[in-house]
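Summary of the model geometry
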Amino acid sequence: LIGRHTLHPVEQIREWRQLDANGRRALDDAVLEEMRRENQAFSPLEWKARCEGISKSLEIDATLRDIASRGSAVEYHAVDLANRSELERVLASIRSKHRIEGLLHGAGDEIAKSFDRKSDEILRTTFSGKVDGLVHLLSLTNDDPIRQIVAFSSVSGRIGGHGQTDYSLANEAMARIVGAHRALRPDRRVTVISWPAFSEVGLAARSSAKIFLERAWQAFMTPGEGANHFVRELWADLPEAEVTICGDLASLDLDRI
């Protein structure tokens, strides 16, 4: 597993695992006090980011332990996919112990804002992991014995999304890149799956987009249902270059195109 978040020390995470809800609130308060001692001039967003970093470390740790408990060997590498040289280093480290036979590309950022409020920084953030990262992955694994590649896209790449001009474009660009790679490398099974919003995990479950989708009466897909769709596509040997999974499109197709 590759992700941008750098995990906190193992000993620290082990202590945090024991905390209940009250303990987590107390930890967030302790982080606030520590930041005040370090620097009086910081924004609430900086405090929020540091607290979210703790949550991310705990979430990744729980995922790794869950996978290991099911009998799989799992490793986590912290690297930004948009950083080609760092990604190359991590892939070389993985190759020293394993054959790379498949890729599952699920990186992504989504910051919903109206078009006139989309900054260059937001655009770069949206594209870096999803599009630049995919290009780097495909290029740097060109000689690996890869049999299957699946990229996770979004229905927004097909029909657009509220405040998602850049996110829609990034998903569409990723789908075109996957299609081109599939044509160039017939020895590989390459597919992009365009997902609807998930109910408990993913970007939509953690952002303001969830409120908009709920108001539009859009149904959310459960992780279990999504996993079943994904496994069925693998069993079918990824016959299509792109698969779009959706419910009632009419509620999302606001411009009726």
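The present account deals with the structure reproduced in this document. (Residues numbered from 1 in each chain as written. Predicted model: local features only at pLDDT ≥ 70, side-chain atom pairs only at ≥ 80, totals over all residues. Heavy atoms only, no water.)

1. Some points on the nonpolar core
If you look at the biggest cluster of nonpolar residues, it comprises 20 residues, and the most contacted ones within it are L87, I100, L103, I149, V178 and V192. If you list the elements that add at least two residues to this core, you get α4 (84–95), α5 (120–140), β4 (148–154), α7 (165–184) and β5 (189–195). Other than its neighbours up to four places away in sequence, I100 contacts L91, I94, R95, D144, P145 and I146. Counting residues in each nonpolar core, the second largest holds 9 residues, with M221, F230, L238 and I245 among its members. (Core = buried A, V, L, I, M, F, W, Y, C linked by side-chain atoms within 4.5 Å. Buried < 20%, exposed > 50% of the residue type's maximum accessible area, 1.4 Å probe, protein only. Helix = DSSP H or I, 4+ residues; strand = E, 2+ residues; numbered from the N terminus. Contact = heavy atoms within 4.5 Å.)

2. Side note on the layout of surface pockets
Of the pockets and cavities examined, the second largest pocket occupies roughly 180 Å³. Taken together, E101, G102, L103, L104, R147, Q148, I149, V150, F230 and L234 make up the full set of residues lining the second largest pocket. Counting only elements with at least two residues in the lining of the second largest pocket, the list comes to β3 (102–105), β4 and α9 (223–235). The residue makeup of the lining of the second largest pocket, split by class, is 6 nonpolar, 2 polar and 2 charged. (1 Å grid on protein atoms, 1.4 Å probe; cavity = no way out; pocket = protein on both sides within 12 Å on 5 of 7 lines; lining within 4 Å. Points joined across faces, edges and corners; volume = space filled by probe spheres on them. Nonpolar A, V, L, I, M, F, W, Y, C, P; charged D, E, K, R; others polar.)

3. Focus: the packing of aromatic side chains
Considering all chains together, one arrives at 2 aromatic pairs under this definition. Pairing F152 with W195 gives two aromatic rings, centres 5.4 Å apart and planes at 80°, and the pair type is edge-to-face. Of this pair, F152 sits in strand β4 while W195 sits in strand β5; the two residues are 43 residues apart in sequence, bridging distant segments of the chain. Residues F152 and F230 carry aromatic rings whose centres are separated by 5.7 Å and whose planes lie at 85° to one another, so their mutual orientation is edge-to-face. With F152 in strand β4 and F230 in helix α9, this pair connects stretches of sequence that are 78 residues apart. Given a relative accessible area of 24%, F152 falls into the partly exposed group. For F230, a relative accessible area of 18% translates into the label buried. Grouped by ring-pair contacts, the aromatic residues F152, W195 and F230 constitute a single cluster. (Phe/Tyr/Trp six-rings, centres within 6.5 Å; stacked < 30°, edge-to-face > 60°.)

4. Digging into unusual backbone geometry
Although it is not a glycine, D237 adopts a positive phi angle of roughly 70°. For D237, the position within the fold is in the loop between α9 and β6 (242–244). What makes D237 partly exposed here is its relative accessible area of 37%. Phi is positive for L238, which is not a glycine, with a value near 50°. The residue L238 is located in the loop between α9 and β6 in this model. When its relative accessible area of 1% is taken as the criterion, L238 is described as buried.

By themselves, these observations are geometric and do not establish any function.
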